[in-house]
Amino acid sequence: MTDFTMEKGADGVAVITWDVPGKSMNVMTLEAWDVLEGLVDEALADEAVKGIVITSGKDSFAGGMDLNVIAKMKEMAGDDPARGLFDGIMNAHRILRKIERAGMDPKTLKGGKPIATALPGTALGIGLEIPLATHRIFAADNPKAKIGLPEIMVGIFPGAGGTTRLVRKMGAMAASPFLLEGKLSDPKKAKAAGLIDEVVADPLAAAKEWVLSAKDADIVKPWDAKGYKMPGGAPYHPAGFMTFVGASAMVNGKTKGVYPAAKALLSAVYEGALVPFDTALKIEARWFTHVLMHPSSGAMIRSLFINKEALEKGAVRPADVSDQRVRKLGVLGAGMMGAGIALVSAQAGIEVVLLDRELAAAEKGKAYSADYAAKGVSRKKITQDKADEMLARITATASYDDLKGCDLIVEAVFEDPKVKAEVTKAVDAVTDADCIFATNTSTLPISDLAKASKNPEQFIGIHFFSPVEKMLLVEIIKGKATGDRAVAKALDFVRQIRKTPIVVNDARFFYANRCIIPYINEGIRMVAEGVAPALIENAAKMVGMPLGPLQLVDETSIDLGAKIARATRAAMGDAYPDGAVDEVIFWMEGEGRLGRKARAGFYDYDEKGKRAGLSAAVSAKYPQAAEQPDVTEVQHRLLFVQSLEAVRALEDGVLMDIREGDVGAILGWGFAPWSGGPLSWLDMIGAPYAAERCDELAATFGPRFACPALLRDLAESGEGFYERFGGAKAAA
């Protein structure tokens, strides 16, 4: 079987059907291009064929290019990878241009055969770029379908003509949300925006009907017609000039220059708008080659697509454990965290018992879901019936007896071992013997908390990030006694609620907080040293962190930081390394500067809690030094302090799979997504340089920057993390 097949009808319409064997959604491979071209050639050469319709044999049209192929294209391109990539991309352009011209005379623009696309459902990436090369796009009236070009989200941009065609079809301004933000639309919104042409009940029938009635003029693309002018104006037009000036400012403002794909896309659009269409395609291909040659694109594709998808599909799930999907969930504690867990679980179709000490508190927790659903209804994201169904799945209660029949309990009460022990015992008294108990904690050791359970092998940590409904990562923590069924249960639950899981072994702060806290602490240390807070915050953002460390601690609250510091100091004793940080934190706590919630922290806030600028009070207490470090030094301190903890977590066996280290870092706390994660970043800069830089930083700033033995070993062997561990083997 091949990915594309063709059937020539008695009506004169050749239907080319895309149906990749063994895949739930079509993806484009390098080999499939040749098959598609061969069928198009055959149809164009057959006098009995009046026109062509390209459609899908699946419920969707296509999910895009096979990113596994893109990830390997560079190494497949031979000794001159840039030339090999460029030639491969230009071959795709050639085939799509053949479809677009459809056999017409190049001078008279007559004699071509109409080619339409019939989309039964979702069409993404190359799944929209192919239709854009056809003469009319018909989509099924399917509100669940998504249409768009999301390539920018994984570090590349539409490089098979989608960038050039969309801009020439819509204009740069109208195309920008779809190209620069990866905006996806349902069919009706896609038609309203101008991405597609028709939304119909039966797209294949409508496409056939159109093909049989289309005239020569109907199949000439605007950019091939005489007198074509770009919508909104070309760059040399006054209106177009202002568009491109604004676009450049917007891209640099949002990306801070660290995402090469966005800048390359804008360059391809700008330069391509100055030249004829076919030359614009070559420019697009050159910039796309540039992006594929940049290490950022490979790292982002690997972490944000290949590895993320593998983890979501159960790459680290115990293989010999049967399906553990949750039927009935108990959530203990109806505060913000518990309410969020109840919400996402009910959205996933799971029956939820939301328990708190007082019924009023439990009802308040359920009201969180009601408010969320009401907003969804008002914005027409869900119907009232669906909202009512979701809310009906949540039972608010103050009685432990209502937990009977639950196969998973998630405890989200106060971060107090005594309180957690009490509720663990109370649950054990009413639940079935096979019920799995999960504690949602960000700091408390799972193995210690499991001592309160009568079944420690069924006790596990599930660390959600706040707000639960928005954060994509869930950290699953194995205690010393945790069994495989508990791990499988947690993973299957996370899959049900459509989050991405990582599984780590029990240790202080687990993985995510182990790396986040040093990042925050390094920023606070620099304040105490006299580094300008604005330099700290902007250096962080300029290297790809979504929030500077000072803003992050304001958001999470200063008193929480003080609480963690006291607990850590008590546990570590003389080995505690963060006294300099505590001096600042405890001073701020004493001053009542507890962060955004107190409208005072490292930043000042207005009455509505909006940031009003960095605080003069903090700068008065910790005056800025006359001589400031350069931006790179500040950035290295902030990135290395996180990345070295990731390496140590791998050395210590907390991380069991380097894929989880990178995916968890990006989704959990936003570690510079352009880099692919901390371990990918160390691979990107090279272990020899990383080890040398560690030595320099440690000599200047202290042992927290000491080079881990594993990194030193990689530096000496000339290997990278992914080269040695292959994406799936831990350091042990």
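Residues numbered from 1 in each chain as written. Predicted model: local features only at pLDDT ≥ 70, side-chain atom pairs only at ≥ 80, totals over all residues. Heavy atoms only, no water.

Visitor: Kindly report on the nonpolar core, identifying the contributing residues and their values.
Guide: Core analysis: the biggest nonpolar cluster contains 173 residues, and Met28, Trp33, Tyr511, Phe602 and Phe721 have the highest contact counts within it. The greatest single-element share of this core, amounting to ten residues, is contributed by helix 25 (residues 631-651). Excluding residues within four positions of it along the chain, Met28 makes contact with Phe4, Trp18, Trp33, Leu36, Gly64, Met65, Asp66, Ile126 and Ile130. Core analysis: the next-biggest nonpolar cluster, separate from the first, contains 36 residues, Val326, Val474, Leu491 and Val503 among them. (Core = buried A, V, L, I, M, F, W, Y, C linked by side-chain atoms within 4.5 Å. Buried < 20%, exposed > 50% of the residue type's maximum accessible area, 1.4 Å probe, protein only. Helix = DSSP H or I, 4+ residues; strand = E, 2+ residues; numbered from the N terminus. Contact = heavy atoms within 4.5 Å.)

Visitor: Run through helix 3 (residues 81-101), naming residues and quoting values.
Guide: Taking 1.5 Å per residue, 21 residues should reach 30 Å; helix 3 reaches 30 Å between its end C-alpha atoms and fits that length. Burial in helix 3 covers these residues: Pro81, Leu85, Phe86, Ile89, Ala92, His93, Ile95, Leu96, Arg97, Ile99, Glu100 and Arg101. The positive-phi residue at the C-terminal boundary of helix 3 is Ala102, with phi of around 55°. (Expected span 1.5 Å × (residues − 1).)

Visitor: Give a detailed account of the environment of Lys621, specifying residues and quantitative values.
Guide: By the secondary structure assignment, Lys621 is in helix 24 (residues 616-621). You can call Lys621 partly exposed: its relative accessible area is 41%.

Visitor: So, a positive patch on the surface: which residues are in play, and what are the values?
Guide: On the surface, Lys146, Lys183, Lys189, Lys375, Arg379, Lys381 and Lys470 cluster together into a positively charged patch. Along the chain, the position of Lys470 falls in the loop between strand 15 (459-464) and strand 16 (473-478). Classification of Lys470 as exposed rests on a relative accessible area of 64%. (Patch = residues over 30% accessible without salt bridge, like charges linked within 9 Å, V, L, I, M, F, W, Y side chains within 5 Å. Areas by Shrake-Rupley, 256 points an atom, 1.4 Å probe, with all protein chains shown as cover. Salt bridge = Lys/Arg side-chain N within 4 Å of Asp/Glu carboxyl O. Lys, Arg positive; Asp, Glu negative; His and termini not counted. Charge placed at Lys NZ, Arg CZ, Asp CG, Glu CD.)

Visitor: Give a description of the pairing of strand 2 (residues 13-18) that names residues and reports values.
Guide: The buried fraction of strand 2 is high, at five of six residues. In this structure, strand 1 (residues 4-8) lies alongside strand 2, joined through five bridges in antiparallel fashion. The partner of Phe4 across the bridge, within strand 2, is Trp18. Connecting strand 1 to the antiparallel partner strand 2 that follows it, the hairpin turn spans four residues, and Gly12 within it adopts a positive phi of roughly 95°. (Pairing = 2+ DSSP bridges.)

Visitor: Break down the packing of aromatic side chains for me, with residues and values.
Guide: Using the criterion set out here, one finds ten aromatic pairs in the structure. Ring geometry for Phe437 against Phe459: centres 5.2 Å apart, planes inclined by 20°, an arrangement best described as stacked. You can see Phe437 sitting in strand 14 (residues 436-439) and its partner Phe459 sitting in strand 15, a full 22 residues away along the chain. Since its relative accessible area comes to 4%, Phe437 is described here as buried. For Phe459, a relative accessible area of 1% puts it in the buried group. Taken together, the ring pairs connect Phe4, Trp18 and Phe61 into an aromatic cluster. Above the face of the Tyr722 ring, Arg302 is positioned so that its terminal group lies 3.6 Å from the ring centre. Across the ring face of Phe701, the terminal group of Arg637 is positioned such that the distance to the ring centre comes to 3.9 Å. (Phe/Tyr/Trp six-rings, centres within 6.5 Å; stacked < 30°, edge-to-face > 60°. Lys NZ or Arg CZ within 6 Å of the ring centre and 35° of its normal.)

Visitor: Could you give me a rundown of the environment of Met542, with the residues and numbers involved?
Guide: Topologically, Met542 is positioned in helix 20 (residues 533-542). By relative accessible area, Met542 is classed as partly exposed at 40%. Taking the C-alpha atoms as reference points, Met542 and Glu312, separated by 230 residues in sequence, lie 30 Å from one another. Met542 has contacts with Lys256, Val258, Val631 and Gln635, leaving out every residue within four places of it along the chain.

Visitor: Summarise the UniProt feature "domain: 3-hydroxyacyl-CoA dehydrogenase NAD binding" (unreviewed entry) in the protein chain; cite the residues concerned and give the values.
Guide: Here the UniProt feature "domain: 3-hydroxyacyl-CoA dehydrogenase NAD binding" (unreviewed entry) sits at residues 328-506. As annotated, residues 328-506 comprises 39% helix and 22% strand, and the C-alpha atoms at either end are separated by 26 Å. (UniProt positions renumbered as here; feature names shortened; annotations may be inferred.)

Visitor: Now, about the side chain of Arg637: what can you tell me, with residues and values included?
Guide: By the element assignment, Arg637 lies in helix 25. Excluding residues that lie within four positions of it along the chain, Arg637 makes contacts with Glu522, Arg525, Met526, Glu529, Leu697, Phe701, Arg704 and Phe705.

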